[in-house]
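The primary structure of each chain is shown beneath.
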Amino acid sequence: MARSARYTPANRTRRAALLLAPVVGVLAVTAAPAAAQPEGDDVIVLPGASSAEGIAEGRGDTFYAGDLFRGDVFRGDLGRRTAELFIDAPDGRMAIGMFADLEHDLLFVAGGGAFPGAPGTSPGRAYVYDLCTGAAVATYELGDPGGSFVNDVTVTPDGAWFTDSRQPRLYLVPVHDREPGTARTLELTGGAAERPADINLNGIAATPDGGTLVVAHSANGAVYTVDPETGSSTRIAGVDVPSVDGIQVEGNDLWAVQNQLNQVVRVRLSADLTSGAVEETIHDEDFQVPTTLIVSDGDLAVVNAKFDTGIPPTADRFEVVLVDR
């Protein structure tokens, strides 16, 4: 999942995310006590979270992070090192990749669908919330009832683009006058359309004008550019990223989380996005199967999914790890 984050007309695109499943529901806004961290601590705990996966950037130091298996959304402050429950989702909902659209005050959340490797069927799911109040705005069923998994999302001037990890397609939810519209499907061709495993397409980012999308392909360990008009995809040469999950594009830099390798890499892209090279590999002692990230003022905020403890994970706490750059 470039990363879960924000879109503003004169700004860069941001975003983040990865895997997993079912959903439905309505939404209530609540506020739990903020979990403050000791001064200088570089870990922000998500109080009461049962899991974690996606992250999005809000205004100023604000960020949003999701409870993967409960669908809840936390709102935090990077400067104060605090987080609190913002959206208490109904049972059966999930929160994977997410993106805060600051122009329209909407939070787009990828909601999974057919759980990879598990019995049962379900269409892909996506949710839209009011970024100010947390109220539910829209719910979408996307893709095939028998096997779609909506994993991540980014926002461009055209609307919100979602990835499907089990089908070779993207979904666009347009936004007009702050209202999300009817979803459209973009069938992909080329390398990004390959389906060698349960989790294929994953993270997604875009150029500021929305003219080119960039998608991560977990099974291929690669990133691709996608033409949002035709669905044609081209592998970005020289970028080998096994276990790639959430991604973010900032200028000529592509940030990619490699979950099973417990690392984040910075890739320098060519001006035409046809090639790139890994210029930096970042490890941190607090990483524990990280999945998504945002880049804020040059520093990284990385979500720990802790899938090494199981799926669902069994860790006693979930957090966002801050890494100085």
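The name that an unreviewed UniProt entry assigns to the chain is Superoxide dismutase, Cu-Zn family, with the source organism given as Geodermatophilus obscurus.

Trainee: Talk me through unusual backbone geometry; I want residue IDs and the actual numbers.
Mentor: In the segment running from I311 into P312, the intervening peptide bond is cis, with an omega of 0°. Counting through the fold element by element, P312 comes out in the loop between strand 27 (299–304) and strand 28 (319–323). In the Ramachandran plot, R178 falls in the positive-phi region, its phi being about 65° despite a non-glycine side chain. You can see R178 is positioned in the loop between strand 15 (175–176) and strand 16 (179–180).

Trainee: Go over the sheet that holds strand 24 (residues 263–269), please, and point to the residues and values.
Mentor: Sheet architecture is open: four strands sit in the order 22-23-24-25, paired in antiparallel fashion. Since the sheet does not close on itself, it has two edges, and those belong to strand 22 (244–250) and strand 25 (276–282), each with one partner. Adjacent strand axes in the sheet meet at a mean angle of 25°, parallel and antiparallel pairs treated alike.

Trainee: Please give an account of the pairing of strand 25 that cites residues and values.
Mentor: Inspection of the sheet shows strand 24 paired to strand 25 by six bridges, in the antiparallel sense. In the sheet register, L269 faces strand 25, and the bridge partner there is G276. Hairpin connection of strand 24 to strand 25: six residues between the antiparallel strands, including L273 at a positive phi of 65°.

Trainee: With reference to specific residues and values, describe the pattern of salt bridges.
Mentor: In this structure the tally under the stated criterion is 14 salt bridges. Between R125 and E141 there is a salt bridge whose closest N-O contact spans 2.8 Å. Residue R125 is located in strand 10 (residues 124–130), and its partner E141 is located in strand 11 (residues 136–142); the two are separated by 16 residues in the primary sequence. D253 is paired through a salt bridge with R268; the nearest N and O atoms lie 3.2 Å apart. Residue D253 is found in strand 23 (residues 253–258), and its partner R268 is found in strand 24; the two are separated by 15 residues along the sequence. Overlapping salt bridges, with partners in common, bring together D253, R266, R268, E279 and E280 in one network.

Conventions adopted
- Residues numbered from 1 in each chain as written.
- Predicted model: local features only at pLDDT ≥ 70, side-chain atom pairs only at ≥ 80, totals over all residues.
- Heavy atoms only, no water.
- Helix = DSSP H or I, 4+ residues; strand = E, 2+ residues; numbered from the N terminus.
- Pairing = 2+ DSSP bridges.
- Axes fitted to C-alpha atoms, helices over the stretch in contact; angles between N-to-C directions.
- Salt bridge = Lys/Arg side-chain N within 4 Å of Asp/Glu carboxyl O.

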